[in-house]
Each structure stands twice: as C-alpha cells, then as structure tokens.
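What follows is each chain in one-letter form.
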Amino acid sequence: MNSKVIFRLACLLLLVFIAFLFYRLQQKDKEKESGQVSATSEETLSVIHSRKSVRNFVPDKLVGEEDIQKIVRAGMAAPSGRDLRPWEIVVINDRVAMDTLAAKLPYAKMLETATLAIVVCGDTTRSPLWVYDCSAVTQNILLAVESLGLGAVWTAAHPYEDRMSAVTNAVGLPANILPLAVIPIGYPNGDFEPKEKYDETKVHFNKWKKAE
Ligand SMILES: Cc1cc2nc3c(=O)[nH]c(=O)nc-3n(C[C@H](O)[C@H](O)[C@H](O)COP(=O)(O)O)c2cc1C
C-alpha cells in the first residue's frame, strides 16, 4: 500500500469517527429533550435499594417545576396491560389544595408538611387492570423521587371506600376515575433509612423450596 492510499484510508476512518461522534451527541440531545437520562446499572440499583417511605418533610421547601416534570414522566413510563395506559395523574402543588386534601384525609397527615402531592388515578373504563398499571406508575414515581434526593410515601386510597371518596371529593374526580394512591412528596426532614428486606428463604429456583 502506498502512502496515498494509507492517507485516504486514515481520512475515511476519521470521517466515520466524526460521524459517529455527531450521532452520539444528537442521541444525547434527544435524551435530554425527552427527559431521559442514562444511568449505570449500579446507579439504578442503588436508587431501588435506597428508596424508603418518608413521612416528614421540610415545610415550605418547594419541589421545582423541572423535578415535577421528571417525576410525572417517570410515572407514565410504567408498563401496562395491553399498553392501555389507563392512568390519570393529578399534581397538587398549591398550598390551599394540599391543606384541603390533608383535612379530608386524616390517615395522610404527612400532607401537612409535604409541598407536593401526586394522586395516581385509574380510568376504570379503559382497563380492568388499572390497579396493577397504576401501582407500577406509583412505584416509578417513588423511585424517581428517590433519585432526585426527595422523599415520598405511598398512601393508599384504593380499596378503602372512605379514603377514595375523600380524594374524589377533594380533587373533583369524575365517576369513571378512581384514585389508587396519594403520594405526599417533599424534601425529607430527618433521617430515613431503607429497610433490608432480602430474604433468601423466599427465593425458589426452578422448584418450590420446602422450609427446613
Ligand atoms: C399498597 C400500599 C399502601 C400503603 N399505604 C400506606 C398508608 O396508607 N399510609 C402510610 O403511611 N404508608 C403506606 N404505605 C407505605 C408502607 O407502610 C411502607 O412501604 C412499608 O412500611 C415499608 O417501608 P418502606 O417503604 O420504607 O420500605 C403503603 C404501601 C403500599 C405498597
């Protein structure tokens, strides 16, 4: 191979490399625009294992608009049966609305210090699997909250009739939309530690393992 050919090959390789870099940069921009972020498996697992219920928040420390967007987007990234996505998300970040909800839900006292609440609801006319689908949304929201350095707790509305009607009245939900969970969110006030829950005896490979 003469030096001219080698030079041309080197130029070609350089061009391919630049094109690849350009492509990767464009991909990253697209990920940013759509709110996606890439994380290593270690970071992802660390968020999963760090999640814990937080029931006390720094009063008046507001969750930023950008974080609210990320949390809601993460919720709606959940899987759903037949991809029907029967969820509806009510975001409550107005103090008066938060206090109205807190007054109607004595079991969710943490709403008094939370600065944000997300009510995960399901459209019963869209899917009979709405409870499962909306549970996946709720867990996604809890994980997104953890990853953003915020705290939250899943408080049940469904299947308790009294809680569901309290939420329905406070938020003004139509008859076909049922609330699954109310998630108070905010900056944690105090130390909250995740529990170690791994239990080897509950893991069964290939066949049910009898207790000894
Ligand atoms: C379906 C469901 C309903 C829950 N309801 C409530 C609730 O009404 N009030 C509450 O304080 N916590 C509630 N929790 C939170 C649990 O108490 C909490 O997840 C559990 O104690 C484990 O603690 P951890 O979240 O810190 O791991 C609920 C959790 C789930 C999954």
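Residues numbered from 1 in each chain as written. Predicted model: local features only at pLDDT ≥ 70, side-chain atom pairs only at ≥ 80, totals over all residues. Heavy atoms only, no water.

K.L.:
How would you explain the site of the ligand if you had to name every residue and give the values?
P.N.:
Taken together, 13 residues form the shell around the ligand, and within it S53, R55, W154, K195 and K197 come nearest. Take R55: an N or O atom from its side chain is 2.9 Å from an oxygen atom of the ligand. W154 is positioned such that a nitrogen or oxygen atom in its backbone is 2.9 Å from a nitrogen atom of the ligand. Notes on the ligand: free accessible area 620 Å², of which the protein chains cover 63%. Here the shell around the ligand is built from residues that sort into five nonpolar, two polar and six charged. (Near = heavy atom within 4 Å. Polar contact = N/O pair within 3.5 Å; in protein donor to acceptor, adjacent residues only side chain to side chain. Areas by Shrake-Rupley, 256 points an atom, 1.4 Å probe, with all protein chains shown as cover. Nonpolar A, V, L, I, M, F, W, Y, C, P; charged D, E, K, R; others polar.)

K.L.:
For the pairing of strand β2 (residues 116-123), give the residues involved together with the corresponding values.
P.N.:
Most of β2 sits out of view: eight of its eight residues are buried. Here β2 shows no split at all, with L116, I118, V120 and G122 on one side and A117, V119, C121 and D123 on the other all buried. Bridging between strand β1 (residues 87-92) and β2 involves six bridges; their strand directions are antiparallel. Across the sheet, I92 pairs through a bridge with A117, a residue of β2. As defined by bridge partners, β2 adjoins strand β5 (residues 177-186) across eight bridges and the pair is classed as antiparallel. (Buried < 20%, exposed > 50% of the residue type's maximum accessible area, 1.4 Å probe, protein only. Helix = DSSP H or I, 4+ residues; strand = E, 2+ residues; numbered from the N terminus. Pairing = 2+ DSSP bridges.)

K.L.:
How would you summarise the nonpolar core if you had to cite specific residues and measurements?
P.N.:
With 23 residues, the main nonpolar core has I118, I141 and I185 as its most contacted residues. Mapped by element, the contributors of at least two residues to this core are α3 (65-75), β1, β2, α5 (130-147) and β5. With seven residues, the top contributor of residues to this core is α5. Excluding anything up to four places from it in sequence, I141 contacts I71, G75, I118, V120, I183 and I185. Ranked by size, the runner-up nonpolar core spans 22 residues in total, among them M98, M110, A114 and V153. (Core = buried A, V, L, I, M, F, W, Y, C linked by side-chain atoms within 4.5 Å. Contact = heavy atoms within 4.5 Å.)

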